[in-house]
Amino acid sequence: MPQSEAAGRPRFPMPTRVYRELQEAYLRYFDTAYWLRDKPLRDERRTLLEAPGLLFTDVLLEPVVPYDADFPLQEAAQRAHLDPAAARIVGQALFGDFVKPGQQIMLRRHQAEALMRSLSTTPGEPRNAVVTSGTGSGKTESFLLPVLARLVQEALTWNKQPEVDRWWESAGSTNLTWRPLRGPETRPAALRTVVLYPTNALVEDQVSRLRRALRRIAETGEVPPLWFGRYTGATAGSGDLPGAKDKDKVREAATEINSAAQDFLQLANVYTDEQMLAQFADPRDAEMMTRWDMVASPPDLMVTNYSMLNAMLMRDIERPMFELTADWLASDPANTFTIVIDEMHLYRGTQGSEVAMVVRNLLSRIGLDADSPQLRCLATSASLSDDDKGRRYLQEFFGVDESTFYVTAGRPRAVPEREPLSRAAFEEIARTLPEDEGERAAALAALATEHRLSEAVAAACRAHGGAPMRATRLPDIEKRLFDEPARDGEGGAAFDLVLEAGAEAWSDPATIPLRAHMFARPAGGLWACANPACDQIPAEYTYAERKIGRLFSRPATTCLCGGRVLEVLYCFDCGEVSLGGYVIDRLPGTPPVPALGSLADKIPSDQTRPVNRRAHGEYIWYWPDSNPMTVKGWGHKLDGKAGKGRQVAFSFEAARLDPTAGLIFEKDQTPTGYVMSVSGLGDSGAKAPALPEKCPRCGAQNLNNDLQKFWRGIVRSPIRGHRSGQSQSIQLYLAQLFRSMGTTAAESRTILFTDSRDDAARTAAGVAKNHHRDLVRQLIRHELEQPEADAVEAVLAMLAGSPSPEGQAAFVAIQNQDPALFQALLQSPARLTTTRVASALMSCSRLVGAIAAPAPTRTTPPPAAAATSRRGTAGIEVRTSMPTIPGTSPATWVGVATRDPPAIMPSATITRSRLRASGSATCTAHSTQVTQATTTRPGGRSSSPPRAKPRPTRTRPNRLSTTGVLRRRAAGFATVAIFPPSPVRGGAAAPRSPGRRRSG
């Protein structure tokens, strides 16, 4: 993917740079999201995460050697006894884009071999073809060619068929009924080919190629229409064939099909690109859209997955499909059924055995034996070997004798052995390259062509002479590529030059493409020695207040100092470190003494569960701190009949940890820390969570209102583990990869792929959610960092006779959006203050009353002693009472304490009327936490504005937009007020208690 344009030639990013940027992006995220209070601990953790092989490994380069098309289609068709007309029709449909009109069509070797073997009728010769060529070698065409060739050859013998019955086109009629689409046809309907894909997601590209080929075949007019269908869970027309009473169901399906047809027609009127149009279904041509039509008249080629096929074989609904196919096979020994298995290497173990049984069941239902000459098996795989093990696997999968299989890897372009390059010469070239970007690109391209650098790199991907080329680590390639190792101080300048030059020669037909493999895994946790006196801590990470020993990137039993290794946990709000361990034993005592370890001893293991889903008694949390406890306990009522609503109390209880044996002694006289104590649970059968919902250091608490989850051991807690989620990691890598690959969307095109349908669903949802959250954070930060002047100050300056572009823009906006406010500003400019203008802008409806009332005597916040504060992830949010504007209800002054310079800066004065109407939230410049603003009387109690009658209120749309953001800037500090939707009933919303945190 090109990174930039230089001298008309796109340039590609260096794989080493891309991988390095991916690493830095993930580690920056980890340092931020998993912040620890103690910097030495953060540094030690960062060193562990950077260790090779833990999260990241060396980049691998794989040569994607081209497969040259050098086998004439005409010769392959002659050997396969294929009708020349059928070969011509299918060849143009599949390969017409690659040849000029009248030019002979050439096949790649494995494509020709698949055609000849699949259509072979010679007894004793292999008739089942398996293609194992590399990625991008045309494996899909390897099975489409014999499948379509056989189908077209049969179609040439059919009579001209009548027009099909497009029953959905009468959807507007009151007498709409379903009728078989292909009911008028006279030729036999049967499943001639079944294509199995592992998942629906994998089939999209292949289906688009199939659509395009069948449309081109139909355009020739030489054969009657051929039909294919996708029979999956998403296919319309589920259930029995509809009758007279199923009009609603028929109308729903007809509406869906008509919509697809109209969409295609609109696209076809705008676009003429066949490849693009092939991405969309056209119900009028070649594709069957409903299960009903496919059951009544089976498609010639059915695309499905093994799960759906298994369900079809067990149900009576689809029985006609298999019966018609069996009748067609029995009617003529020349009729042949083909089964195609794509990505066959994915079917291993239990899943492979299940699919093998489904294939055997299918053959039995259509009346074929494993050794029947009417059966053809086609498969593709990127890793199947052509040896005894591979052939035995094929026999066990299909149930067909291994001697009938022909495995071909094709014939990739030959890559000769190369003499090592001179490192000294390339280092000298690297030092003397032109600085001008265009001249440099031209020099690099010439260098790559002169020395055939892509070929040299490909040859270095062999372990030895004659060995196959494989994906190889960059250090190994560099070692084989040059005549001597890199000298001290030179680094890899010569190797970087080779890779950069090879990328510049991308348009040269002789260039061998190189694929970079970059492996990364999310962090799986962090562990530490429980001995605070551990002597294994590196000197640079030692400090007096350290409470835990050496850190470990993987779970271990004991440290070299003899201490027990436990899991490291942390508080998301304050970064305080604590420990956790699985109960692996209990020693006799009153109460019994639990022994902790870093690994669970249960089968199946609980270690795969997130730490907030582990149960108390099976996993114990421990805070290594001997200071007096200042955070109070909490409680929850038991639900269900067993608990009868009784209260269960949670608290922090002093305990002693034996760091060598991992024993926890509760209520000990010489405590070393605290554990969470649970009382009142009794024999209710409920599971209390292992983690507290409060932090013992900062007191941060998460709400757990869903008691059904809570008593299953699932808790929302500020105490968390060091395991990063898959969706968040993937989203992070995607975002950075998009930035690293280029500067435009075309340059940074990225595909996210997974073989698992469950992983695909979870990842798609998780990535979308995380991306939306990141977008909100970016919008907030963007608004905060805008350099324009404060709109409030600009308005006041305009009123004072000092116009500015910002003030004029603000005045125009006010005039357009609220004429009444604009007139009020013009009538009484002298009576407005900064705070009052801000308040007016926050609540336009109160402006007139604010102007008419006497000016308040104070516009600064009350003394610090009257303020309440809460420590957050980045700074202190301060809440205190503002002097009220006469005619309005009391309001809360919201601000943030800044460190440089030390000050408390206001965000705005938010009137209660606006707060009640739509809710309000504030966000600091350095924190992404969104907290709910509250209103208080000076005594701290919530109040409601005195009203004679409810006033109408407005609700905002459920989306974030720039119009929903008001900036307030002063003295170099900015905050943002966001107005999220808040349900309003009866003109008022229930007030929230002061200091209560609203989770965002």
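Because the structure is a prediction, the values reported are computed rather than measured. (Residues numbered from 1 in each chain as written. Predicted model: local features only at pLDDT ≥ 70, side-chain atom pairs only at ≥ 80, totals over all residues. Heavy atoms only, no water.)

1. Observations regarding the overall build of the chain
Broken down by element type, the chain carries 29 helices and 34 strands. Evaluated residue by residue, the chain yields a buried proportion of 47% over its 1000 residues. Sequence-distant contacts in the chain: of pairs separated by 6 or more residues, those separated by 24 or more amount to 71%. (Helix = DSSP H or I, 4+ residues; strand = E, 2+ residues; numbered from the N terminus. Buried < 20%, exposed > 50% of the residue type's maximum accessible area, 1.4 Å probe, protein only. Contact = heavy atoms within 4.5 Å.)

2. Here's the deal with the sheet that holds strand β14 (residues 472-473)
Strand pairing within a sheet occurs via backbone hydrogen bonds; the two strands may be parallel or antiparallel. The three strands lie next to each other as β14-β3-β15, forming an open sheet whose pairing is antiparallel. The open sheet has two edge strands with one neighbour each: β14 and β15 (514-517). (Pairing = 2+ DSSP bridges.)

3. Some points on the environment of Trp 328
Relative to the helices and strands, Trp 328 resides in helix α12 (residues 319-331). Along the primary structure Trp 328 and Pro 188 are separated by 140 residues, whereas in three dimensions their C-alpha atoms are 7.0 Å apart. Here the side chain of Trp 328 touches Glu 154 through a polar contact of 3.4 Å, side chain to side chain. (Polar contact = N/O pair within 3.5 Å; in protein donor to acceptor, adjacent residues only side chain to side chain.)

4. Some words on the pattern of salt bridges
Counted according to the given criterion, the structure contains 42 salt bridges. The residue Asp 58 makes a salt bridge to Arg 473 at a minimum N-O spacing of 2.4 Å. Here Asp 58 is found in the loop between α2 (39-49) and β3 (60-63), whereas its partner Arg 473 is found in strand β14, with 415 residues between them in sequence. Between Arg 211 and Glu 287 there is a salt bridge, with its nearest N and O atoms 2.7 Å apart. On the criterion of sequence distance, the pair formed by Arg 211 in helix α7 (residues 204-220) and Glu 287 in strand β9 (residues 287-288) is long-range, its members being 76 residues apart. (Salt bridge = Lys/Arg side-chain N within 4 Å of Asp/Glu carboxyl O.)

5. Topic: the packing of aromatic side chains
Counting across every chain of the model gives 25 aromatic pairs. With 5.6 Å between their ring centres and 35° between their planes, Phe 398 and Phe 405 make a pair best called tilted. When its relative accessible area of 1% is taken as the criterion, Phe 398 is described as buried. An aromatic cluster is built from Tyr 19, Tyr 26, Tyr 29, Phe 30, Tyr 34, Phe 56, Tyr 570 and Tyr 733, whose rings are joined through pairwise contacts. The residue whose ring lies beneath Arg 614 is Tyr 619, and the NZ or CZ to ring-centre distance is 4.9 Å. (Phe/Tyr/Trp six-rings, centres within 6.5 Å; stacked < 30°, edge-to-face > 60°. Lys NZ or Arg CZ within 6 Å of the ring centre and 35° of its normal.)

6. Some thoughts on the packing of helix α1 (residues 15-33) against helix α22 (residues 726-741)
Running from N to C, α1 and α22 cross one another at 140°; their axes reach a closest spacing of 9 Å. In this view, α1 runs oblique relative to α22, as classed from their interaxial angle. The element α1 and its partner α22 pack so that their crossing is right-handed. For the pair formed by α1 and α22, the contact residues are Arg 17, Val 18, Glu 21, Leu 22, Ala 25, Tyr 26, Arg 28 and Tyr 29 on the first element and Gln 728, Ser 729, Leu 732, Tyr 733, Gln 736, Leu 737, Ser 740 and Met 741 on the second. Its residues assigned to classes, the contact of α1 with α22 comprises nine nonpolar, four polar and three charged. (Axes fitted to C-alpha atoms, helices over the stretch in contact; angles between N-to-C directions. Parallel < 35°, antiparallel > 145°, perpendicular 65-115°, else oblique. Left-handed = near helix turned anticlockwise from the far one by under 90°. Nonpolar A, V, L, I, M, F, W, Y, C, P; charged D, E, K, R; others polar.)

7. Considerations on α22
Look at α22: 22 Å from first C-alpha to last across 16 residues, which is about the 22 Å you get at 1.5 Å a residue. For α22, the set of buried residues is Ser 727, Gln 728, Ser 729, Ile 730, Gln 731, Leu 732, Tyr 733, Gln 736, Ser 740 and Met 741. (Expected span 1.5 Å × (residues − 1).)

8. Examining the pairing of strand β23 (residues 647-658)
Pairing of strand β22 (residues 634-637) with β23 involves four bridges; the strand directions are antiparallel. Considered in β23, the bridge of Trp 634 is made with Phe 650. Of the pairings in the sheet, the one linking β23 to strand β25 (residues 673-679) comprises seven bridges and is antiparallel in character. Bridge pairing in β25 links Phe 650 to Val 678. Examined bridge by bridge, β23 and strand β24 (residues 663-666) share four bridges and lie antiparallel to one another.

9. A short note on the packing of helix α16 (residues 437-451) against helix α19 (residues 493-504)
Following both chains from N to C, one finds α16 and α19 inclined at 95°, their axes separated by 7 Å at the closest point. With respect to α19, the element α16 is oriented roughly perpendicular. Listed contacts from α19 to Arg 440, Ala 441, Leu 444, Ala 445, Leu 447 and Ala 448 of α16 are Leu 497, Glu 500, Ala 501, Gly 502 and Glu 504. The residue makeup of the contact of α16 with α19, split by class, is seven nonpolar, one polar and three charged.

10. Focus: the sheet that holds strand β10 (residues 301-305)
Read across the sheet, eight strands follow the order β9-β8-β10-β7-β11-β12-β6-β13 without closing on themselves; strand pairing throughout is parallel. With one partner strand each, in any of the chains shown, β9 and β13 (405-408) form the two edges of the open sheet. Taken together, the two bridges between strand β8 (residues 228-230) and β9 define a ladder with parallel strand orientation. Considered in β9, the bridge of Gly 229 is made with Met 288. Across the sheet, helix α11 (residues 306-314) touches β7 (193-197) and β10, and the angle it forms with β10 is around 105°.

11. Thoughts on the environment of Ala 80
As for its position among the elements, Ala 80 is in the loop between α3 (73-79) and α4 (84-95). Judged by relative accessible area, Ala 80 falls into the buried class, the value being 3%. Spatially, the C-alpha atom of Ala 80 lies 7.5 Å from that of Arg 117, the residues being 37 residues apart in sequence. Setting aside anything within four residues of it in sequence, one finds Ala 80 in contact with Leu 115, Met 116 and Leu 119.

12. Description of the pairing of strand β11 (residues 337-341)
Among the five residues that make up β11, five are buried, leaving the element largely enclosed by the rest of the structure. The alternating pattern of β11 places Phe 337, Ile 339 and Ile 341 and Thr 338 and Val 340 on opposite faces, both of which are buried. Direction of pairing for β11 relative to strand β12 (residues 375-380): parallel, over a ladder of five bridges. Looking at β12, one finds that Thr 338 is bridged to Arg 376. Note that the unit made of β11, helix α13 (residues 349-365) and β12 has a crossover that is right-handed. (Right-handed = clockwise from strand over helix to strand, strands pointing away.)

13. So, the environment of Ala 445
Mapped onto the fold, Ala 445 is located in helix α16. Spatially, the C-alpha atom of Ala 445 lies 9.5 Å from that of Ser 507, the residues being 62 residues apart in sequence.

14. Considering the confidence of the model for the chain
With 78% of its residues at a pLDDT of 70 or more, the chain has an overall mean of 79. Across residues 1-9, where pLDDT falls below 50, the model places 37 contacts with residues more than four positions away in sequence or in other chains. Contacts from residues 841-1000, a stretch scored under 50 in pLDDT, to residues over four places away or in other chains number 305 contacts. (pLDDT = per-residue confidence, 0-100.)

15. Considerations on the side chain of Thr 472
Checked against the element boundaries, Thr 472 lands in strand β14. A polar contact is formed between the side chain of Thr 472 and the backbone oxygen of Cys 461, at a distance of 3.4 Å. Within the structure, the side chain of Thr 472 is placed 2.8 Å from the backbone oxygen of Arg 470, a separation counted as a polar contact. Residues in contact with Thr 472, not counting those within four places in the same chain, are Val 59, Leu 60, Leu 61, Cys 461, Ile 477 and Arg 480.

16. Quick word on the nonpolar core
Across soluble globular proteins, nonpolar side chains show a tendency to be buried alongside one another. Within the largest apolar cluster, 62 residues are counted, with the highest numbers of intra-cluster contacts made by Tyr 26, Phe 426 and Leu 481. With seven residues, the single largest contributor to this core is α1. Not counting residues up to four positions away in its chain, the partners in contact with Leu 481 are Pro 420, Leu 421, Ala 456, Val 457, Ala 460, Phe 495 and Val 498. One finds Val 130, Val 250, Tyr 306 and Phe 322 within the second-largest nonpolar core, a separate group that totals 56 residues. (Core = buried A, V, L, I, M, F, W, Y, C linked by side-chain atoms within 4.5 Å.)

17. Some points on helix α14 (residues 388-398)
For α14, the set of buried residues is Gly 390, Tyr 393, Leu 394, Phe 397 and Phe 398. Around the axis of α14, the buried residues are gathered within 110° of arc, so they sit on the same side. Exposed residues pointing more than 90 degrees away from the buried face of α14 are listed as Asp 388, Lys 389 and Glu 396. Structurally, α14 contributes buried residues whose contacts are with β6 (128-131), β11, α13, β12 and β13. Capping of α14 at its N-terminal end is provided by Asp 387; its side-chain oxygen lies 3.2 Å from the backbone amide nitrogen of Lys 389. At the C-terminal side of α14, Gly 399 shows a positive phi close to 75°. (Arc of directions from axis to C-beta.)

18. Description of the side chain of Thr 336
Within the fold, Thr 336 resides in the loop between α12 and β11. Polar contacts involving the side chain of Thr 336 include one to the main-chain carbonyl oxygen of Ala 334, which spans 3.3 Å. Sequence-distant contacts of Thr 336, defined by excluding residues within four places in its chain, comprise Arg 150, Arg 192, Trp 328, Leu 329, Gln 374, Leu 375 and Arg 376.

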